[in-house]
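# Notes for the structure review
Listed below are the residues making up each chain.
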Amino acid sequence: MDNWNVLTVQSASSQIQTHDMNSSFRRRHMMTIEKLPDKVLLNIFSYLSHLEICRMARVCRRWRQVAYDTRLWKNVSLRPEVSGLHVGSLESLLGLISVRFGPSLRYIELPIELITHTVLHELAAKCPNLTHMLLDFSTAMQLHDFSEMQAFPTKLRYMCICLSEVIFMEGFMRKIYNFINGLEVLHLLGTYEKCEEEEEEIYEVINVHKLKSATPNLRVINLYGINFVDDSHIDAFSSNCIQLECLAVNYCNKVTGSTLKTLIQRSKRLTCLLMNGTSLRSEYLLQVEWDKCALLELDITATDISSEALIDLLVRIPSLRFLSAGQINGFNDTVLKAWMEGGNTKSLIALNLEASDNLSDEALLKFLSRHGGQLHALVLSGMTHITDQLWMSVLPILTNARILVMGTTERLSVNIHVDQLMDAIASYCSKWDPENLRFSDKSQKAIDLLRVKCLKLRCMVLSDGRYYETVKANFERADRTTVVRTTTCCQVSAYHLLSNYNDLVFN
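A brief report on the enclosed structure follows. These figures come from a predicted structure and were not determined experimentally.

Attention now goes to the overall build of the protein chain. Across its full length, the protein chain holds 19 helices and 16 strands. Within the protein chain, buried positions represent 48% of all 507 residues. Considering only contacts within the protein chain whose residues lie at least 6 apart along the sequence, 77% involve residues at least 24 apart. Here the protein chain has roughly 25100 Å² of accessible surface; of this, 49% comes from carbon and sulfur atoms.

This is the structure in structure tokens:
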């Protein structure tokens, strides 16, 4: 019996020793973040914002070394109001340029207080691969002194300038004209969103006619919300930029279209023309030789064009793949019918007819029955007479749809059967954006179906409210936290399908 007890004690001791050895082995071979190689840490840090990277640099000396690797600082925003970094002084920025940015820097955004000749000299000397630059003068009350500026980055392909309402830019622009002849993409951003209702004196704060002479290689020109830009500026660019592929003058309300005929004649490569919110006049559009143009993408949203002018351009443009023509009273059933019967709609992949109150659901159903299968984006929001009945009819046809915008912010007089609508979307579509839906407590099943079937769904925007909270909670439980968003801070647009979309993105 004593021997048995001895054996039992020895066996127990052996098991304890074996357990201790296994635990020690596991501890030695357990993979923790401290044991990750620098290359893996660098890859992890690359998914973080620069604000988060700076926080990581405070953890330890090794993380600080990885966080300050120049490969993490290729694209830098120094505008804190748009989620960029805040740099307290020019001396700090100059140190960053030479130590942290260096040859790796490709893109930089600078606010007015950091745009000095010293900073620009340092960027030109220490960042030879800088190709994209944004200069924000929008809040400027006065410019720095650029009289001593002798250098500027010479490899820029993309430049965005946020204009001020009252500061004249010629003193600065005169110094950089000789350095920017390689530009391919130019953004000039006005103060359209800051305009007040009362009339104020308008200043031409940048000389477009001199600018066009310095930039002969432009492919993409975006003049956004500039209150002094008119047709003469369009004519100026078209006279010198023979490579022009995309021209956007959205919200330049002095543009009437008087030089469109000349633009189309000169710019043989022009495939994208965006004129949302301009003051286009029908008589000028009727003079354009649309049948000789190369246009593939056209935006004439929120313009006062007549039905006659709409029919003329839609029927004569040889091959349109993108059309945004919402908020136009002249766009009615007659125009849609004429386009369908006399125009070339075989290439159309994106159609935006938001707030087209003079279009009937019967005319839309007929058009979509014929062409819905080829559409990648369809926007029919802002129309109270377009309800789930039309969408239920066309969803089975929209087999290639990636972007759908439906509903209205106005109160509807009928109920929307959201369960059936969600089921149809889950069955036929991969990306959608309803803005106002009536729903029942049984909708959870339909939401589950949408989430399970639409695995590629990346963005679903809903009006803020109970339904938004319900759908968001459902997706969050499945760890898809970024899919469901609210119209308060997000909007889905067919612009994502523009061939020059990446070049048109600013801010």
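A few words on unusual backbone geometry. Non-glycine residue A302 carries a positive phi angle of around 60 degrees. With respect to the helices and strands, the residue A302 is situated in the loop between β9 (297–299) and α12 (307–316). The class for A302 is partly exposed, based on a relative accessible area of 30%. The phi dihedral of D479 falls on the positive side, at around 60 degrees, and the residue is not glycine. Tracing the backbone through its elements, the reader meets D479 in the loop between α18 (466–477) and β16 (484–486).

Our focus in this paragraph is the packing of aromatic side chains. Applying the stated criterion to the full structure yields eleven aromatic pairs. Relative to F172, the ring of F152 lies with its centre 6.4 Å away and its plane at 75 degrees, an arrangement referred to as edge-to-face. Of the two residues, F152 is situated in the loop between β3 (132–136) and β4 (158–162) and F172 in helix α7 (residues 170–176); the sequence distance between them amounts to 20 residues. The residues F152 and F172 share a single accessibility class, namely buried. With 6.4 Å between their ring centres and 45 degrees between their planes, F152 and F179 make a pair best called tilted. Of the two residues, F152 is situated in the loop between β3 and β4 and F179 in the loop between α7 and β5 (185–189); the sequence distance between them amounts to 27 residues. Each member of the aromatic cluster is reached from another via a ring pair, and the members are F137, F146, F152, F172 and F179. Sitting above the plane of the Y68 ring, R100 keeps its charged end 3.8 Å from the centroid. The cationic tip of R100 hangs over the ring face of W73; the distance from NZ or CZ to the ring centre is 4.8 Å.

Summed over all chains, the structure comprises 18 salt bridges. E170 serves as the salt-bridge partner of K210, at 3.9 Å between the closest nitrogen and oxygen. Pair noted here: K210 is in helix α8 (residues 208–214) and E170 is in helix α7, with a separation of 40 residues, a long-range link. Looking at K210, the relative accessible area reads 43%, which means it is partly exposed. E170 sits in the buried class, given a relative accessible area of 17%. In this structure, a network of salt bridges that share partners links the residues R157, E184, R219, E245 and D503.

Quick look at the environment of C162 now. As for its position among the elements, C162 is in strand β4. Relative accessible area serves as the criterion here: at 6%, C162 is assigned to the buried category. For the pair C162 and L188, spaced 26 residues apart in the sequence, the C-alpha separation amounts to 6.1 Å.

Moving on: the state of the cysteines. One covalent bond between the sulfur atoms of two cysteine residues makes up a disulfide. Applying the stated criterion across every chain yields a total of zero disulfides. Of the cysteine sulfurs around C160, a residue in no disulfide, the closest is that of C162, at 4.5 Å.

Side chains of M141, V166, F168 and Y203 sit close together on the surface and give an oily, nonpolar patch of about 420 Å² of accessible area. Within the element layout of this structure, V166 appears in the loop between β4 and α7.

This next bit is on the pairing of β4. The element β4 is extensively covered by neighbouring structure, given that five of its five residues are classed as buried. Alternating positions in β4 separate into two faces, Y158, C160 and C162 on one and M159 and I161 on the other, with burial throughout. By the bridge criterion, five bridges tie β3 to β4 in an arrangement that is parallel. Each residue of the ladder has a partner; that of D136, found in β4, is C162. Handedness of the crossover is the feature at issue here: the chain leaves β4, passes through α7, returns alongside β5, and the resulting connection is right-handed.

As a further point, take the packing of helix α5 (residues 90–101) against helix α6 (residues 117–126). In the contact formed by α5 and α6, the axes pass within 10 Å of each other and the chain directions differ by 5 degrees. Relative to α6, α5 is oriented roughly parallel. Mapping the contact onto sequence places L90, L93, L94, I97 and S98 in α5 and T118, V119, E122, L123 and K126 in α6. When its residues are assigned to classes, the contact of α5 with α6 shows six nonpolar, two polar and two charged.

Our next topic: helix α9 (residues 231–240). When we look at burial in α9, the residues that qualify are D231, H233, I234, A236, F237 and S238. Lining the buried residues of α9 we find β5, α8, β6 (220–224), β7 (246–248) and α10 (260–266).

A few words now on the nonpolar core. If you look at the biggest cluster of nonpolar residues, it comprises 134 residues, and the most contacted ones within it are L110, L123, F172 and F331. Other than its neighbours up to four places away in sequence, L123 contacts I97, L105, I108, L110, L130, M133 and P153.

We now examine the pairing of β6. Counted residue by residue, β6 has five buried out of five residues, so it is predominantly covered. Side chains V220, N222 and Y224 of β6 all project onto a buried face; the interleaved residues I221 and L223 project onto the opposite face, where all are buried too. Running through α9, the crossover from β6 to the neighbouring parallel element β7 is right-handed.

About the thresholds
- Residues numbered from 1 in each chain as written.
- Predicted model: local features only at pLDDT ≥ 70, side-chain atom pairs only at ≥ 80, totals over all residues.
- Heavy atoms only, no water.
- Helix = DSSP H or I, 4+ residues; strand = E, 2+ residues; numbered from the N terminus.
- Buried < 20%, exposed > 50% of the residue type's maximum accessible area, 1.4 Å probe, protein only.
- Contact = heavy atoms within 4.5 Å.
- Areas by Shrake-Rupley, 256 points an atom, 1.4 Å probe, with all protein chains shown as cover.
- Phe/Tyr/Trp six-rings, centres within 6.5 Å; stacked < 30°, edge-to-face > 60°.
- Lys NZ or Arg CZ within 6 Å of the ring centre and 35° of its normal.
- Salt bridge = Lys/Arg side-chain N within 4 Å of Asp/Glu carboxyl O.
- Disulfide = S-S within 2.5 Å.
- Patch = residues over 30% accessible without salt bridge, like charges linked within 9 Å, V, L, I, M, F, W, Y side chains within 5 Å.
- Pairing = 2+ DSSP bridges.
- Right-handed = clockwise from strand over helix to strand, strands pointing away.
- Axes fitted to C-alpha atoms, helices over the stretch in contact; angles between N-to-C directions.
- Parallel < 35°, antiparallel > 145°, perpendicular 65-115°, else oblique.
- Nonpolar A, V, L, I, M, F, W, Y, C, P; charged D, E, K, R; others polar.
- Core = buried A, V, L, I, M, F, W, Y, C linked by side-chain atoms within 4.5 Å.

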